[in-house]
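What follows is the residue order along each chain.
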Amino acid sequence: PNPFIAAGASSLHEPAPSDGMPIPLWVCTLGVQPILLSEPNVRCTHSAAWGLSRACRQEGVLSLHCLDLDATADSLSLAARVVLQPSIQPAEGSVRGLRVGPSLENEMVLRRDNLHVARLVSPFELDRVPARLTIARKGAITGLRLEPQGEFESELLSSEVEVEVRAVGLNFRDVLIVLGALPERFMAELGSDCAGTVQAAGSSVRHILRRTPCFGLASGCLAAYARTDARMQVAKPAALSFEGATTLISTWCTVHVGFERISLRGRRRLLLHAAAGGVGLTALEYAQWLCAPALCTAGAPHKHRLLRRQGVALMASSRDAAASTLGAQRYLCGLRLHAVLNSLSAD
């Protein structure tokens, strides 16, 4: 730990605003942030100050702004003018090429008389080069890399289809894969639920043809093109968007198989554990369609409010075992549950 930073942080207090607007505090560093990857003489001594400032902004503790200088006369002169401004708002927005309105900047780099701000940019032209998302190193989201997608190494099998991906549904499983938190036997390529257009179909595929809009499962579909067993893809209805189709695959298939195995039907009482998640909300809609009364559990208060808006009257806690038991007893009144659907692993 840096004792200078620790001592300074413990004595920081945000000045009282004079006009209702918070007065920004500027954390100035010297040569901490490189403009180019090849920039020499990058100093790491006070780089932790930028991390501290981001944590303070995230927690709403202090309005800390970061300014990195290069110690030239032009840079110091411009810095004096910058810190006197109530806010810095470039007109082009936070993503280069995506005009979403002005953005409020709280991190800037001064090099001579030029003011630099961070922007998200593509490493290549996505409209011209097929791309895929890969994991350079597991353990953090920052380990993801976008790189060009080359040709497939093998010929398309007679039972396969090649899909031009238009939308991908993200699952929590993808997050666990990136973090390396899944057992090795469950590790797979990023992406499983996708929707797109059939680019090529094997000789034995009959139910979907080339140029047919489709949706289904395809391992490694966080890419411009993906190949999968044709049985894992079906034709997409015209009334369903590509994005909407990706929300149906894992959740609805999981619930359908689960309800089929427990033979759920009308008037059978169901316990939905963790009902505010993707599988839980899908199961709730499915159970309402079957006219099966459901006792739903959830954790945070805002999740209970969400379930109430979905028409749920019977709820209990998913985090407190005693409260959950009491809620179930009040609901059942001596009757028995016919089925339980639990979307929490190892619980």
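In every chain, residue numbers begin from 1 and rise along the written sequence. For a predicted model such as this one, the threshold for reporting local features is a pLDDT of at least 70, and the threshold for listing and counting side-chain atom pairs is 80 or more; totals across whole chains, interfaces and linings nevertheless cover every residue. Values shown for side chains rest on all heavy atoms present in the structure; no hydrogens or waters enter the calculation.

What about the overall build of the protein?
In plain terms, the rule: Counting from the N terminus, the helices are DSSP H or I runs at least four residues long and the strands are E runs at least two residues long. For every residue, the accessible area (1.4 Å probe, protein chains only) is compared with the maximum for its type, and the residue is labelled buried under 20%, exposed over 50%, or partly exposed between those bounds. Here the accessible surface of atoms and residues is derived via Shrake-Rupley with a 1.4 Å probe, and residues count as covered only by protein chains that are part of the display.
A count of helices and strands for the protein gives 9 helices and 15 strands. Counting the 347 residues in the protein, one finds 35% classified as buried. Roughly 21400 Å² of accessible area belongs to the protein as shown, and the carbon and sulfur atoms make up 56% of that amount.

As for the sheet that holds strand β7 (residues 160-169)
Heads up, the condition is: If DSSP finds at least two bridges between two strands, the strands pair. Simply put, an axis is a line fit to the C-alpha atoms, just over the touching stretch for a helix, and the angle between two N-to-C directions goes from 0 to 180 degrees. Contacts: residue pairs with any heavy atoms within 4.5 Å of one another.
Here 5 strands make up an open sheet; going across it, the order is β10-β7-β8-β9-β11 and the pairing antiparallel. Of all strands in the sheet, those with a lone pairing partner are β10 (225-229) and β11 (233-235), marking the two edges. Pairwise comparison of adjacent strand axes, ignoring direction, gives a mean angle of 45° for this sheet. Pairing of strand β9 (residues 213-217) with β11 involves 3 bridges; the strand directions are antiparallel. Directly across from G216, in β11, lies its bridge partner Q233. Against the sheet, helix α6 (residues 249-261) touches β8 (193-201) and β9, its axis set at about 60° to β9.

A look at the sheet that holds strand β12 (residues 270-273)
Pairing is parallel in the open sheet, where 4 strands are placed in the order β14-β13-β12-β15. At either end of the open sheet lies a strand with only one pairing partner, and these are β14 (315-317) and β15 (339-342). Looking at each pair of strands side by side, their axes are set apart by 20° on average, direction ignored. Contacting β12, β13 (294-298) and β15, helix α7 (residues 278-289) crosses the sheet at an angle of about 160° to β12. In this fold helix α9 (residues 321-332) packs onto β13 and β14, with an angle of close to 160° to the strand it touches most, β14.

Concerning α9
Put simply, the rule reads: To estimate the expected span of a helix, subtract one from its residue number and multiply by 1.5 Å. As used here, the arc is the angular range of directions from the helix axis to the C-beta atoms. We define a polar contact as two N or O atoms separated by no more than 3.5 Å, with the added condition that, inside protein, one atom must be a possible hydrogen donor and the other a possible acceptor, whereas residues neighbouring each other in sequence contribute only through side-chain atom pairs.
Taking 1.5 Å as the rise per residue, α9 with 12 residues should run 16 Å; its terminal C-alpha atoms sit 16 Å apart, in good agreement. Those residues of α9 that fall on the buried side of the exposure criterion are G327, A328, Y331 and L332. Burial along α9 is one-sided: seen end-on, the buried residues are contained in an arc of 125°. α9 presents A322, Q329 and R330 as exposed residues on the side facing more than 90 degrees away from its buried surface. Where the residues of α9 are buried, they touch β13 and β14. The residue sitting at the N-terminus of α9 and contributing the capping side-chain oxygen is D320; that oxygen lies 3.0 Å from the backbone nitrogen of A322.

A short note on helix α4 (residues 172-179)
Taken as a whole, α4 has its buried residues at D174, I177 and V178. Summarising the axial view, the buried residues of α4 lie within an arc of 100°, below the 170-degree limit, and thus occupy one face. The elements touched by buried residues of α4 are β5 (131-135), β6 (144-148) and β7. In the segment just after α4, G180 is the residue with positive phi, at about 70°.

Comments concerning the environment of G150
Residue position: G150 is located in the loop between β6 and β7. On the basis of relative accessibility, which here comes to 57%, the residue G150 falls in the exposed class. A sequence separation of 75 residues divides G150 from Y225, and the C-alpha atoms of the two residues are 9.8 Å apart.

Digging into the nonpolar core
Using the following cut-off: Take the buried Ala, Val, Leu, Ile, Met, Phe, Trp, Tyr and Cys residues and link them wherever side-chain atoms come within 4.5 Å; each set so joined is a nonpolar core.
Ranked by internal contacts, the top residues of the largest apolar core, which has 20 residues, are F259, L270, L272, C296 and L307. Broken down by secondary-structure element, the contributors of at least two residues to this core are α6, β12, α7, β13 and β15. For this core, the leading source of residues is α7, giving 4 residues. Among the nonpolar cores identified, the runner-up in size contains 8 residues, and W26, L67, L78 and M108 belong to it.

As for unusual backbone geometry
In this structure, R267 is a non-glycine residue whose phi angle is positive, near 75°. Taking relative accessible area as the criterion, R267 reaches 73% and is therefore assigned exposed.

What to know about the state of the cysteines
For the record, the criterion: In this description, a disulfide is simply a cysteine sulfur pair whose atoms lie within 2.5 Å.
A complete count under the given rule lists 0 disulfides for this structure. Considering cysteine sulfurs only, C66 is the nearest to C56, which forms no disulfide, with 9.4 Å between them. Of all cysteine sulfurs in the structure, the one in C194 sits closest to C214, which takes part in no disulfide; the separation is 6.8 Å.

Let's talk about the layout of surface pockets
The condition is simple: A 1.4 Å probe that fits but cannot get out identifies a cavity on a 1 Å grid over protein atoms alone, an open set with protein on both sides within 12 Å along at least five of seven lines counts as a pocket, and a residue lines either if it has an atom within 4 Å of a point. Grid points are joined across faces, edges and corners, and a volume is the space filled by probe spheres set on the points. Ten residue types, Ala, Val, Leu, Ile, Met, Phe, Trp, Tyr, Cys and Pro, are classed as nonpolar, four, Asp, Glu, Lys and Arg, as charged, and the remainder, Gly among them, as polar.
Put simply, the second largest pocket is a space of about 620 Å³. Together, 19 residues line the second largest pocket, and N171, F172, R173, V279 and S343 are the ones closest to its centre. Contributing elements (two or more residues each) for the lining of the second largest pocket: α4, α6, α7 and β15. Residue composition of the lining of the second largest pocket, grouped by class: 7 nonpolar, 11 polar and 1 charged.

Digging into the confidence of the model for the protein
To keep it simple, the criterion reads: One number per residue, pLDDT, summarises how confident the predictor is, and it ranges from 0 to 100.
The predicted model of the protein averages 83 in pLDDT, with 84% of residues at 70 or higher. Considering only residues more than four positions removed or in separate chains, one finds that residues 1-15, a stretch of pLDDT under 50, has 19 contacts. This stretch, residues 96-100, has a pLDDT under 50; its non-local contacts, to residues over four places away or in other chains, come to 7 contacts.

A short note on the pattern of salt bridges
The condition that has to hold: Each salt bridge in this description consists of a side-chain nitrogen of Lys or Arg and a carboxyl oxygen of Asp or Glu lying within 4 Å of one another.
Following the criterion strictly, the structure yields 6 salt bridges and no others. The salt bridge involving R111 is made with D68; its shortest N-O contact spans 2.9 Å. With R111 in strand β3 (residues 107-111) and D68 in strand β2 (residues 64-69), this pair connects stretches of sequence that are 43 residues apart. Residue R231 is joined to D229 by a salt bridge in which the shortest nitrogen-to-oxygen separation is 2.8 Å. Among the charged side chains, a network of salt bridges with common partners joins R54, R57 and E107.

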